[in-house]
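# Structural overview
For reference, the chains in residue letters:
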Amino acid sequence: MKSFDEIVNHIKKNIAQVLLESLPIDKINNDDKLIADLGIDSLDYAMVMLSGEEFIGKKVKEEGVIWQEIQTVQQLAMLLYKQQGD
Amino acid sequence: MYFKCWIGKSGYFVQEVQKLIQLINDCIIPGNANFLLSPSYRDDFSWICDNKYTSCVVESPITQGQISLYTSGTTGQPKIIWKNCHEVILNKKGTGSQNDRWLLTFNPGRWAGLSVILHTIRTNAQLVIPDDLTFESILAKFSDSTHVSLTPSLFRKLQLCDNGMLQSADIQQLTFGGEYATQKILDDARKLWPKARVTHIYASTELGDVCSVSDGLEGYPTMKFINWAIDDDGELFLNGISTGDLWEVNFDRLYYKGRNSEVINVGGAKVTPTIVEQQVNSFPGIHECRAYPIDNPLLGQVVGLDYVGPVEPLALRKHLLQLLPKYAVPAKINQVKSVQLTSAGKLSRI
């Protein structure tokens, strides 16, 4: 199982890649909203999600997930962290 | 190469392709029997117990001399199509001689493979038969061959091999089929074998050989198609029959855009894998690639990509962002040692 911090770092690394390294990783904060603050779109979000699934070795189960509550880096990391244990 | 077919109601298991040719000459062409070809060339007879296949033979058309084939393709359940063997041979275009040595790279239980076999029967040419349809077995027979019919995907795999060995092969005719041959494929083929005549064919199990072109350009002149139409979704209809293929007309030429059923739905935006692959293959250093759908909880599907070549994924992504709409740019890009093909030698869409 990946630790929460490992997942957070993986997500930040992916966001930087999605933005073609125009934003340094150390400028991405845990409470930044992926779309509203960091400027990624739904396609980029899907890409970050996909990479996260691969990182934890599991596909995200949608049941019970309220996507409107998965806005920030931390919230996405928590979703992936919890899904590991399911 | 093992092969099997079922003749009439009694069943007859053929084990060698040469035996199949003898059967075609002795039984099928004269109209003494029908037979059902299996798409599997391995030694597995479990399919013959399925009543669906048996009844299909029993319910075959009254006239004999029919061959039934399974459609190939990358998605969907295979369908059984009946063909009159005698008519197929009569309608086959192209010349040949007994000095031609055609390499069999396709499954003889599918239209592409059977087409090569029937052509060699018609022209009294020789058939070069690999031990099986693995890449290594096909490659081993290249130096014995002068004529080759293959998919563009198989050709890309060949390009990764020792070019010295391939260049020394006396290839006089190269025919691309089974998949769309892009301009790059055609140009690369001419570079590898400058003396070869390079042809590409549009065909399907249902329609047979529709047309072939040897002018060195991708696409097909519209004049080669008879009774054709393209509907609002871009699907080609021939004689009123849906081909399931998406095409685009540019001046007097038709260009293939992908299969209707292969379309990847990215949040409502449609992406045909072929278009993505064409752009990826145009990047220097890319040898072959395969685009496919990946289920995604947010968008339904996103595009995945496997590619072969010494290229960094990020560089490839930047390249594709300049050429494709963002929804078509693969969300997952994997550098792999080889891409997955189906048993028909086509890119797998699964």
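Reference entry: report on the structure contained in this document. Source: prediction; values computed, not measured.

For chain B, the count of helices and strands is 10 helices and 20 strands. Evaluated residue by residue, chain B yields a buried proportion of 53% over its 350 residues. In chain B, 61% of the contacts between residues at least 6 apart in sequence involve partners at least 24 apart. Of the roughly 15,700 Å² that chain B leaves accessible, carbon and sulfur atoms contribute 50%.

Glancing now at the sheet that holds strand 6 (residues 126-128) of chain B. Residue and element names in this part refer to chain B. One open sheet holds the 6 strands; their spatial order is 6-5-7-8-9-10, and the pairing between them is mixed. Each edge of the open sheet carries a strand with a single partner, namely strand 6 and strand 10 (208-213). Neighbouring strand axes in the sheet, compared pairwise and without regard to direction, differ in orientation by 25 degrees on average. Sheet topology note: the strand 9 (residues 197-204)/strand 10 ladder contains 5 bridges and is antiparallel. If you follow His200 over to strand 10, its bridge partner there is Val213. Helix 4 (residues 111-123) rests against strand 5 (101-103), strand 6, strand 7 (147-150), strand 9 and strand 10 of the sheet, and its axis sits at about 145 degrees to strand 6.

Facing the 18 residues of chain A at the interface are 16 residues of chain B. The three residues of chain A that bury the most area against chain B are A:Leu20, A:Leu43 and A:Leu50, which together make up 36% of that side's buried surface. On inspection of chain A and its partner chain B, the count reaches 4 salt bridges. Note that A:Asp44 and B:Arg317 form a salt bridge whose closest N and O atoms lie 3.6 Å from each other. Looking at the side of chain A that touches chain B, the elements with two or more residues in it are helix 1 (4-18) and helix 2 (42-56) of chain A. With 10 residues, helix 2 of chain A is the largest single contributor of residues to the side of chain A that touches chain B.

Moving on: the pattern of salt bridges. Any two side chains of opposite charge can pair, so long as their charged atoms come close to each other. The full count for this structure, using the stated rule, is 11 salt bridges over all chains. Close ionic contact of A:Glu53 with A:Lys59 constitutes a salt bridge, the shortest N to O distance being 3.5 Å. With relative accessibility at 4%, the residue A:Glu53 sits in the buried group. Salt-bridge contacts for B:Arg253 lead to B:Asp215; the nearest nitrogen and oxygen are separated by 3.0 Å. With a gap of 38 residues between them, B:Arg253 in strand 15 (residues 253-259) and B:Asp215 in the loop between strand 10 and strand 11 (220-221) connect regions that are remote in the sequence.

Calculation rules
- Residues numbered from 1 in each chain as written.
- Chains lettered and ligands numbered in written order.
- Predicted model: local features only at pLDDT ≥ 70, side-chain atom pairs only at ≥ 80, totals over all residues.
- Heavy atoms only, no water.
- Helix = DSSP H or I, 4+ residues; strand = E, 2+ residues; numbered from the N terminus.
- Buried < 20%, exposed > 50% of the residue type's maximum accessible area, 1.4 Å probe, protein only.
- Contact = heavy atoms within 4.5 Å.
- Areas by Shrake-Rupley, 256 points an atom, 1.4 Å probe, with all protein chains shown as cover.
- Pairing = 2+ DSSP bridges.
- Axes fitted to C-alpha atoms, helices over the stretch in contact; angles between N-to-C directions.
- Buried area = accessible area lost by both parts, 1.4 Å probe.
- Salt bridge = Lys/Arg side-chain N within 4 Å of Asp/Glu carboxyl O.

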